[in-house]
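What follows is each chain in one-letter form.
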Amino acid sequence: MIMKIRNRFLLAASALLVCLAASAQVHRMDIDLKKVGAPIQSTMYGIFFEDINYAADGGLYAELVKNRSFEFPNDPLQGWKAFGTVEVWNDGPFERCPHYVRLVDPGHPHKWTGLDNEGFFGIGVKGGDTYRFTVWARVPDGGASELRIELVNTASMGEDQFVCQEPLKIAGKEWKQYEVILKPDTTLEKAVLRIFLVGDRKTVDLEHVSLFPTDTWMGHRNGMRKDLAQALADLKPGIFRFPGGCIVEGTDLATRYNWKNTVGPVENRPINENRWEYTFPHRFFPDYYQSYGLGFFEFFQLSEEIGSEPLPILSCGLACQFQNDDLSAHCPVDELQPFIQDALDLIEFANGPVTSTWGKVRADMGHPAPFNLKYIGIGNEQWDPLYPEHLEPFVQAIRAAYPDIKIVGSSGPNSEGEQFDYLWPEMKRLGADLVDEHFYRPEKWFLAQGARYDNYDRKGPKVFAGEYACHGAGRKFNHFHASLLEAAFMTTIERNADIVHMATYAPLFAHVEGWQWRPDLIWFDNLRSMRTASWHVQHLYGEYKGQNVLTLKMNGVNVTGAEGQDGLFASAVKDGDKVYVKVINTSEKPQSVEFAFNGLKKKEIVKAVERIDFTSGLLYEDNTLDVPDRITPVKAAFAGEGKSLTAAVPPQCFTIFILER
Ligand code: AHR
């Protein structure tokens, strides 16, 4: 990550210090170096993935063709423009994706048969890069036929519309997969994939038409978009929650996320509805489906590659409770067995030997070694007695079969209140290992939550802050100030690492043309991506996670933005000989702080190493795709040594002080 040392900043900081010395109160923070506190779990800071805002298809999943299997239920040709004589058939080679298209001679030498695919808000291609076009095809009457595959700029004023074209010969009556590499000479954000029937124009059948960049994350053929996967890897996330979110539950049980449909050959993964197509009619996306190309195998594989513990969340047999008042929408408790079996089978898919039914599926997909799954969540935003009733048989079955797997339960959709107060004791009664809390809340809430976990029950389940983001009042979009308050809030997570074991900001991704929900952590278009201020906060916490909590107090109490603390929030951790002190000044004034170290030996001192300041004059703005690095943390020198150190914290700034013993 780019952190620039700016002399300009140093000068400003020293000027600030002079001013402060003359006028302001010094906030003394006592840091106890003797008493090493709770370990910070490796899972502490992580990521939450849901296919919302085109996060999967059209986003992280690098497939560029929309409706590649002609399975969109309202119109098998949605996303396609057919020309000439194109027929849709449904007795194809893939049982669960039976549709395919037949291209037939248009009947006149001056006419053409073929198809255009529009991609997801267009097809983004980079000039000079290579793209793998694949298709399952046959010549139903035998013999050979010929296609021409093009990437096209339909807006071109040039002589040709295409930016590359390649011939592709199809031969024989049997379905086979064909491949051709395309190399556009121009960068286009919104190219179109065009397929022409050429040559003798012998009838040809096409199924599962796919186009991927060859340069995917880790080079996987069914791979992820490299820049987006890199933005995840750079966070060094300790935990990776998947696949949501509300899509776990389904608007009805038939459309819940069904992990078993997401594994095995991609050609045979049936598509599913995506509830984010219609959840907000004011941001409606009638072509939003889940191809399941980014399924559970890809999730486990990516978790492994970026060093995260995977955390699958599965349906507990309750359809989305926001969308269903009618009890008949849910699975009765005494009919839950198939849902419970799904959970047990998922654990077997992840961890089972290659000789087991689901372990073999994993091995056949190319990963004979187990994925070493340790956690599973059952239910997303559930509430009322319905939830514990449904969860209980899952807990019993998972405990019996897999006693080492840690189970995550839910505290419902709210950060406090009746449902929350009811569910926490219920989760404790059922013996959940962690409880998932969600809070999309305004500034006021974040400012008031600096001590949230200080007095939590130490004997209950651990906390998973599973979905959170500051949703500014009247400012429900990404901006620096929201990220500052998230940083302030995260001090209570860090300080209470003995009970908070996981925290994931949500949602993760958003396509600039396809979002339903904001703010989000990472934005992208078809070619570019941008890491938000909130991403930088997550990154800083992950990078300076430390190993153990240290006690840090001001006038004997935690620094939580409480009355009389001048908008300051703080926490400290130890990392070997290093100490990281995080101070968030949420006020509009510069603040002077003094770190006083207790527990040092007589001759021992602490040295200042450097500081990282994260602030912005653009309080209600964020990075953009055009200027992706305008709000980034800045490393600066921080000098001094002794039994105490003083420093200035600029207004509305998140500073990490790096010290050495
Ligand atoms: O993150 C977006 C949505 O917020 C999730 O799907 C849901 O769990 C929560 O309500």
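Everything numeric here is computed off the predicted structure, so don't read it as measured data. (Residues numbered from 1 in each chain as written. Predicted model: local features only at pLDDT ≥ 70, side-chain atom pairs only at ≥ 80, totals over all residues. Heavy atoms only, no water.)

A. Representation of the overall build of the protein chain in the model. Each helix and strand in the protein chain was counted, giving ten helices and 34 strands. In terms of C-alpha radius of gyration, the protein chain reaches 27 Å, essentially the compact-globule figure of 26 Å for 661 residues. In terms of overall dimensions, the protein chain has C-alpha extents of about 90 × 65 × 45 Å along its principal axes. Taking all contacts inside the protein chain whose residues are at least 6 apart in sequence as the whole, residues at least 24 apart take part in 77%. Carbon and sulfur atoms make up 51% of the accessible area of the protein chain, which totals about 25000 Å². Charged side chains of the protein chain number 68 positive and 87 negative; the gap between the two group centres comes to 7 Å. (Helix = DSSP H or I, 4+ residues; strand = E, 2+ residues; numbered from the N terminus. Rg over C-alpha atoms; globule rule 2.2 N^0.38 Å. Contact = heavy atoms within 4.5 Å. Areas by Shrake-Rupley, 256 points an atom, 1.4 Å probe, with all protein chains shown as cover. Lys, Arg positive; Asp, Glu negative; His and termini not counted. Charge placed at Lys NZ, Arg CZ, Asp CG, Glu CD.)

B. Structural view of the packing of aromatic side chains. Here the structure, examined in full by the defined rule, presents 52 aromatic pairs. Judged by centre distance (5.3 Å) and plane angle (75°), the rings of Phe 439 and Phe 489 are edge-to-face. Separated by 50 residues along the polypeptide, Phe 439 in strand β20 (residues 434-441) and Phe 489 in helix α9 (residues 480-495) bring together distant segments of the chain. Across the pair, Phe 489 and Phe 439 agree in class, each one buried. Sitting above the plane of the Trp 112 ring, Arg 201 keeps its charged end 4.8 Å from the centroid. Stacked on the ring of Trp 276, the Lys or Arg Arg 275 has its end atom at 4.7 Å from the ring centre. (Phe/Tyr/Trp six-rings, centres within 6.5 Å; stacked < 30°, edge-to-face > 60°. Buried < 20%, exposed > 50% of the residue type's maximum accessible area, 1.4 Å probe, protein only. Lys NZ or Arg CZ within 6 Å of the ring centre and 35° of its normal.)

C. Just helix α3 (residues 296-306), in detail. In terms of residue burial, α3 counts as a mostly covered element, since nine of its eleven residues are buried. Taken together, the buried residues of α3 touch β2 (45-48), α2 (226-233), β14 (239-242), β17 (309-314), α4 (337-351) and α5 (357-364).

D. The state of the cysteines, seen in detail. Enumeration according to the criterion identifies zero disulfides in this entry. Of all cysteine sulfurs, the one in Cys 320 lies closest to Cys 246, which takes part in no disulfide; the gap is 5.1 Å. In this model Cys 470 remains outside any disulfide bridge; the closest cysteine sulfur is found in Cys 653, 17 Å from its own. (Disulfide = S-S within 2.5 Å.)

E. Representation of the sheet that holds strand β22 (residues 500-505) in the model. If you walk around this closed barrel you meet the eight strands as β2-β14-β17-β18-β19-β20-β21-β22, and the pairing is parallel. Taking each pair of neighbouring strands and ignoring which way they run, the sheet shows an average axis angle of 25°. Relative to β17, β14 is paired through four bridges, and the arrangement is parallel. Looking at β17, one finds that Phe 242 is bridged to Pro 312. The sheet contacts of helix α6 (residues 386-401) involve β18 (375-378) and β19 (406-410), and relative to β19 the element is tilted by about 175°. (Pairing = 2+ DSSP bridges. Axes fitted to C-alpha atoms, helices over the stretch in contact; angles between N-to-C directions.)

F. The side chain of Glu 267, seen in detail. Take Glu 267: it is sitting in the loop between β14 and β15 (272-273). Buried charge Glu 267 goes without a salt bridge, the closest partner of opposite sign being Arg 269 at 7.3 Å. When sequence neighbours within four positions are dropped, the list of residues in contact with Glu 267 reads Phe 94, Cys 97, Trp 136, Gln 177 and His 208. (Salt bridge = Lys/Arg side-chain N within 4 Å of Asp/Glu carboxyl O.)

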